[in-house]
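Per-entry structural report
One letter stands for each residue in the lines below.
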Amino acid sequence: MRRGRRSLRDGREAGWENRAAFQPETDLLARAAPLAFAAVAKPNSSGGCGFVFCAIFALAGGALLVAAARGYRSGQDWRAMLGMGGTGLAFVAVGTGLGVAMRRGALRQRDEARRREQFPGEPWKWRAAWDGRPSGPDRSQGAAMLWLFTLFWNAISIPAAIGAAQKIAQGQKMLLFVAIFPAIGLLLLAQAIYLTIRARKYGRAMFVPVALPGEIGGTLGGVIQVPAQIVPEDDARLALRCIRRGASGSGDSRTVHENVLWEKEVRLAREKWRSAANGTEIPVLLPIAATCQPTEMTNDNDNRVLWRLAVSAKTPGVDFAASFEVPVFATGRAPQLAAADVPPLEEYRAEPLREVDLAAAGVRREADGFVFTSKHLGGLRAAFGLAALLLTALEIVLVRGDAPWVLLIVFGMFAGLALLMAHDLWAGDLAVRVMGDEVVVRKSRLFGAKETRVRRAEVAEVRPVNAMSVGDRQFFRLNLIGTRGIDPIAAAPGEPFAARKLRFQLRQAMKELGVTAPENAGGRGAEILAQLQATPKFEVMIARNVPGLATAEAVAVQVRAAIRGQ
């Protein structure tokens, strides 16, 4: 009995010692909790809620670091303490980084508000970066924010994966799906490292404008100064894009997406680059269509129209790339002329695409037509191929491990989508052949192929259609568009779905009136016949994922010329 009481007393003392060991962290979090409550309960427009959140995030990270160090010294499991310490370090970095970014953003908003009062009718002067001085690269395209997100993601996913690994070793194989999250974290880390290497290699590029703002209906001119000697392997690509940025959802489900409204992309010959004493200068002169929308100056950075100037070039090792947010407005003034040292638009290369350019777009020219592949999307092919294999293997493990049916359905859907995407990227090639008076479109499949034949004389145009966007980079598909006039009775190969729907409605109208001829279907029938006559006979996809509107339009011109025998 005495021995039992002594053991109980020793256990209590040990418990109090452990509590005392972690008392500083407990006190720290206890003091931070009222601050968090006050920040949430009384938010204000000055961003105080966000600042308090960042401070609590950093303090919580510091508490985790101290707790991990003391736990390791007291002999606790080093793997658990390593995960706790890594999470704490990431929390400190994310909290501090976001706090600094928010502080800078608050100062910029204060300066912008002052400039709004000073220049009420000149919104291009509301930002200090647009007052004629050289402007730096777009922060949203840099590595800093990606590093913060990567640290936060890995701080959550890696400890969870370590904890799941211990249970998997005990036979709970259904927890293998947790490995997906650290795998995504490794991809994010690789991308952050790549952007960091690029920044170290080329330094901070600056855009020196000839005049601001860029004029709608005029041009945007200037020089991009790079503090490094660039040796391009090919022509540079300059692109000016008008982008609609929008946000949807709220809280954790809030997503920000960008839609390119208009773009102009040109190639600048290597000999037009200028080597300076302190680096490289890239001249810029891009036209702006008169129908474009101007920059929107709003307080909501996630819901507005913005303009982005981007430059890229293939170089040995890490390729060069930079982007700048530039102001474009309709000022009513005469368009500004470019400086004497900026080459005129005629000196930008506008000749037909070369074989190397076609290959970079996944296009191969052959004697009787074209072949379109996805080989130029090497990264996406590898990513979706690997994702399809991993998700399929995970689904098999979950099935064999008698996982809950909800989990099986969710991961089965993800595996199916990954397999479809991988199939399209690896085996979904398209070929266009001009054979006599027909155009044959052959779509490759994993098992067999599908052919669509249309009359060569009935091809009206080859139309680029936006397929998807990755960041501010657009990818297009090419469609063969037929001449107008759909047969109201018989279906034709490749006809659009709208034609089938109209034909069904016409048959319903004929059935209701008890007639056999379409022209006797009354007023409704006449309306449907008019719509059929205005609908293209066919709309057949011949290519997918052609990068950039300029490239897609140039490829469409070549396909159209081959079909017409020019």
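None of the values given here were measured: they were computed from a predicted structure.

The helix and strand tally for the protein stands at twelve helices and 18 strands. Expressed as a percentage of the 566 residues in the protein, the buried residues total 36%.

At a minimum axis distance of 8 Å, the contact between helix α8 (residues 378–400) and helix α9 (residues 405–427) shows a crossing angle of 150°. Taken together, the axes of α8 and α9 lie roughly antiparallel to each other. Two packed elements cross with a definite hand, and for α8 against α9 that hand is left-handed. Along the lines of polarity and charge, the residues of the contact of α8 with α9 split into 20 nonpolar, three polar and two charged.

Of the pairings in the sheet, the one linking strand β11 (residues 363–366) to strand β12 (residues 369–372) comprises four bridges and is antiparallel in character. Along β12, the bridge assignment pairs glutamate 366 with glycine 369. Remark: two residues form the turn of the hairpin made by β11 and β12, two consecutive strands paired antiparallel.

The next point concerns the confidence of the model for the protein. Of all residues in the protein, 82% have pLDDT values of 70 or greater, and the mean over the chain is 78. In this model residues 28–46 is a low-confidence stretch, pLDDT under 50, and it forms eleven contacts with partners more than four residues away in sequence or in other chains.

It is worth spelling out the sheet that holds strand β4 (residues 236–248) at this point. Pairing within the open sheet is antiparallel, and its four strands lie in the order β5-β4-β8-β9. With one partner strand each, in any of the chains shown, β5 (255–268) and β9 (320–326) form the two edges of the open sheet. Strand-to-strand twist across the sheet, computed as the mean angle between neighbouring axes with direction ignored, equals 25°. Here nine bridges tie β4 to strand β8 (residues 304–313), and the two strands are oriented antiparallel to one another. Residue pairing for β8: isoleucine 243 is matched across the bridge by leucine 306.

Right, let's get into the packing of aromatic side chains. Counting across every chain of the model gives six aromatic pairs. Measuring from centroid to centroid gives 5.7 Å for tryptophan 124 and phenylalanine 329, while their planes differ by 50°, and the two rings are tilted. Remark: phenylalanine 329 occurs in strand β10 (residues 328–329) and tryptophan 124 occurs in the loop between α4 (78–118) and α5 (143–169); sequence separation between them is 205 residues. Like phenylalanine 329, tryptophan 124 is buried. When the centroid spacing of 5.2 Å and the interplanar angle of 75° are considered together, the rings of tyrosine 202 and phenylalanine 320 count as edge-to-face.

What follows deals with the side chain of glutamate 263. With respect to the secondary-structure elements, glutamate 263 resides in strand β5. Side-chain polar atoms of glutamate 263 contact the side chain of arginine 241, separated by 2.9 Å. Each residue touching glutamate 263, except ones within four places of it in the same chain, is listed here: Leu240, Arg241, Gln474, Phe476, Gly548, Leu549 and Ala550.

Summed over the entire model, instances satisfying the criterion amount to 22 salt bridges. The residue arginine 433 makes a salt bridge to aspartate 368 at a minimum N-O spacing of 3.1 Å. Within this pair, whereas arginine 433 is found in strand β13 (residues 430–435), its partner aspartate 368 is found in the loop between β11 and β12, the two being separated by 65 residues in sequence. A residue is classified by how much of its surface remains accessible, and arginine 433, at 22% relative accessible area, is partly exposed. With a relative accessible area of 33%, aspartate 368 lands in the partly exposed category. A cluster of three or more residues bridged by salt bridges with shared partners is formed by Asp235, Arg237, Arg241, Glu263, Glu265, Arg267 and Asp357.

Here α8 spans 33 Å end to end across 23 residues, near enough to the 33 Å set by a 1.5 Å rise per residue. Among the residues of α8, those classed as buried are Arg381, Gly385, Ala388, Leu391, Leu394, Glu395 and Leu398. Positive backbone phi, approximately 55°, marks aspartate 402, located one or two places after α8.

Another point: a nonpolar patch on the surface. Together, Trp405, Val406, Ile409, Val410, Met413 and Phe414 give the surface a local cluster of nonpolar side chains, amounting to about 640 Å² of exposed area. Position of phenylalanine 414 among the secondary structure elements: in helix α9. On the basis of relative accessibility, which here comes to 49%, the residue phenylalanine 414 falls in the partly exposed class.

Each value, and the rule that gives it
Residues numbered from 1 in each chain as written. Predicted model: local features only at pLDDT ≥ 70, side-chain atom pairs only at ≥ 80, totals over all residues. Heavy atoms only, no water. Helix = DSSP H or I, 4+ residues; strand = E, 2+ residues; numbered from the N terminus. Buried < 20%, exposed > 50% of the residue type's maximum accessible area, 1.4 Å probe, protein only. Axes fitted to C-alpha atoms, helices over the stretch in contact; angles between N-to-C directions. Parallel < 35°, antiparallel > 145°, perpendicular 65-115°, else oblique. Left-handed = near helix turned anticlockwise from the far one by under 90°. Nonpolar A, V, L, I, M, F, W, Y, C, P; charged D, E, K, R; others polar. Pairing = 2+ DSSP bridges. pLDDT = per-residue confidence, 0-100. Contact = heavy atoms within 4.5 Å. Phe/Tyr/Trp six-rings, centres within 6.5 Å; stacked < 30°, edge-to-face > 60°. Polar contact = N/O pair within 3.5 Å; in protein donor to acceptor, adjacent residues only side chain to side chain. Salt bridge = Lys/Arg side-chain N within 4 Å of Asp/Glu carboxyl O. Expected span 1.5 Å × (residues − 1). Patch = residues over 30% accessible without salt bridge, like charges linked within 9 Å, V, L, I, M, F, W, Y side chains within 5 Å. Areas by Shrake-Rupley, 256 points an atom, 1.4 Å probe, with all protein chains shown as cover.

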